[in-house]
Every structure is written in structure tokens, then in C-alpha cells.
Amino acid sequence: MTNLLRNAAQASPGGQVVLRWWAEADRLLFQVEDDGPGVAEEHRAALFEPFFTTKAVGKGSGLGLAVAHGVVAECGGRIELVSGSLGGAAFRISLALADEEQGNADR
């Protein structure tokens, strides 16, 4: 989450960064979005590859999204670029709720 929030803040200095979360069926979803320039179509396929960055030399390692992808995948979830409401980039994390968490969410 920290990597997504940092990327959003860097993409939109002085702009808006929004974190949303909600439960949907048996999933917990988090979405980080910003009102920055968004992600160019030609960069989308490489977003989660280690060392891929669109930042200037010395400004980014290209590991933030790769690490986020690895952590989310290790937890059995998924992370993806989605359409957001602010016009910039929007990343959504989806994680399965454990059985006991689903029972508590219904109370």
C-alpha cells in the first residue's frame, strides 16, 4: 500500500490522492488513485516488471509496483490498473477474506 500511495503522490504533486476500501462478496478491495497524468498505453504491459520505471534516472528504482505485485500475489490476491474517477492512475488490490472475517463482516 505504501508503494502505491507514494507513486500516486509523486505522480500528482499538490493534487489529489484517494484511498478507498470496501468488501465485495468474499473479497476485500483497496483502490489508490490520483489525478496525475495516468499511465501511457505503451507502459501498461511492463508496469509490474522489476526495474521498469518512467521516472528520471535516480528518481525511481522501478521496484515499487513489482514489490507490491509480489506481496499481493503471495497473499493470494491480485493487483491491477483500473479506471478511476480522478483521471489519473488507479490501482486496485483484491484479497480474499478468510472465512471468519466473512462471518464478522455480516454482523
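In what follows, the accompanying structure is described. Source: prediction; values computed, not measured.

**Observations concerning the overall build of the protein**
Part 1 of the argument: What the protein contains, in helices and strands, is 3 helices and 4 strands.
Part 2 of the argument: Put simply, the protein has 107 residues, and 27% of those count as buried.
Part 3 of the argument: Intrachain contacts of the protein at a sequence separation of at least 6 include 53% that bridge at least 24 residues.
Part 4 of the argument: Of the accessible surface of the protein, which amounts to about 6800 Å², a share of 52% is contributed by carbon and sulfur atoms.

**Notes on the pattern of salt bridges**
Part 1 of the argument: In this structure the tally under the stated criterion is 3 salt bridges.
Part 2 of the argument: Salt-bridge contacts for Arg44 lead to Glu41; the nearest nitrogen and oxygen are separated by 3.8 Å.
Part 3 of the argument: Residue Arg44 is classed as partly exposed on the basis of its relative accessible area, which comes to 39%.
Part 4 of the argument: You can call Glu41 exposed: its relative accessible area is 61%.
Part 5 of the argument: In this structure, Glu80 and Arg78 form a salt bridge, with 3.7 Å as the shortest nitrogen-oxygen distance.
Part 6 of the argument: Residue class for Glu80 comes out partly exposed when judged on its relative accessible area of 30%.

**Considerations on the nonpolar core**
Part 1 of the argument: Leu4, Ala8, Val32, Val39, Leu47, Leu65, Ala68, Val72, Ile79, Ala89, Phe91 and Ile93 form the largest nonpolar core, which has 12 residues in total.
Part 2 of the argument: Taken together, the elements giving at least two residues each to this core come down to α1 (2-11), α2 (64-74) and β4 (90-96).
Part 3 of the argument: For this core, the element with the highest residue contribution is α2, accounting for 3 residues.
Part 4 of the argument: Residues contacting Ala68, with those up to four places away along its chain left out, are Asn3 and Ile79.

**Focus on α2**
Part 1 of the argument: Along α2, the positions that sit buried rather than exposed are Gly64, Leu65, Ala66, Ala68 and Val72.
Part 2 of the argument: The inward-facing, buried residues of α2 abut α1, β3 (78-81) and β4.
Part 3 of the argument: Looking one or two residues past α2, Gly76 carries a phi angle of roughly 80°, positive in sign.

**Some details on the pairing of strand β2 (residues 27-34)**
Part 1 of the argument: Of all the 8 residues making up β2, 6 are buried; the element is thus mostly covered by neighbouring parts of the structure.
Part 2 of the argument: As paired strands, strand β1 (residues 17-24) and β2 are joined by 8 bridges and run antiparallel to one another. Counterpart to Val17 in the pairing with β2 is Asp34.
Part 3 of the argument: Connecting β1 to the next strand, β2, in antiparallel fashion are 2 residues, including Ala25 with a positive phi near 55°.
Part 4 of the argument: The sheet contact formed by β2 and β4 spans 7 bridges and is antiparallel. Residue Glu33 lies in a different strand from β4, and its bridge partner there is Ala90.

**Thoughts on unusual backbone geometry**
Peptide bonds are mostly trans, and most non-glycine residues show a negative phi.
Part 1 of the argument: The residue Ala25 is not glycine, and still its phi comes out positive at about 55°.
Part 2 of the argument: With respect to the helices, strands and loops of the structure, Ala25 is situated in the loop between β1 and β2.
Part 3 of the argument: Owing to a relative accessible area of 77%, Ala25 belongs among the exposed residues under this scheme.

Conventions we followed
Residues numbered from 1 in each chain as written. Predicted model: local features only at pLDDT ≥ 70, side-chain atom pairs only at ≥ 80, totals over all residues. Heavy atoms only, no water. Helix = DSSP H or I, 4+ residues; strand = E, 2+ residues; numbered from the N terminus. Buried < 20%, exposed > 50% of the residue type's maximum accessible area, 1.4 Å probe, protein only. Contact = heavy atoms within 4.5 Å. Areas by Shrake-Rupley, 256 points an atom, 1.4 Å probe, with all protein chains shown as cover. Salt bridge = Lys/Arg side-chain N within 4 Å of Asp/Glu carboxyl O. Core = buried A, V, L, I, M, F, W, Y, C linked by side-chain atoms within 4.5 Å. Pairing = 2+ DSSP bridges.

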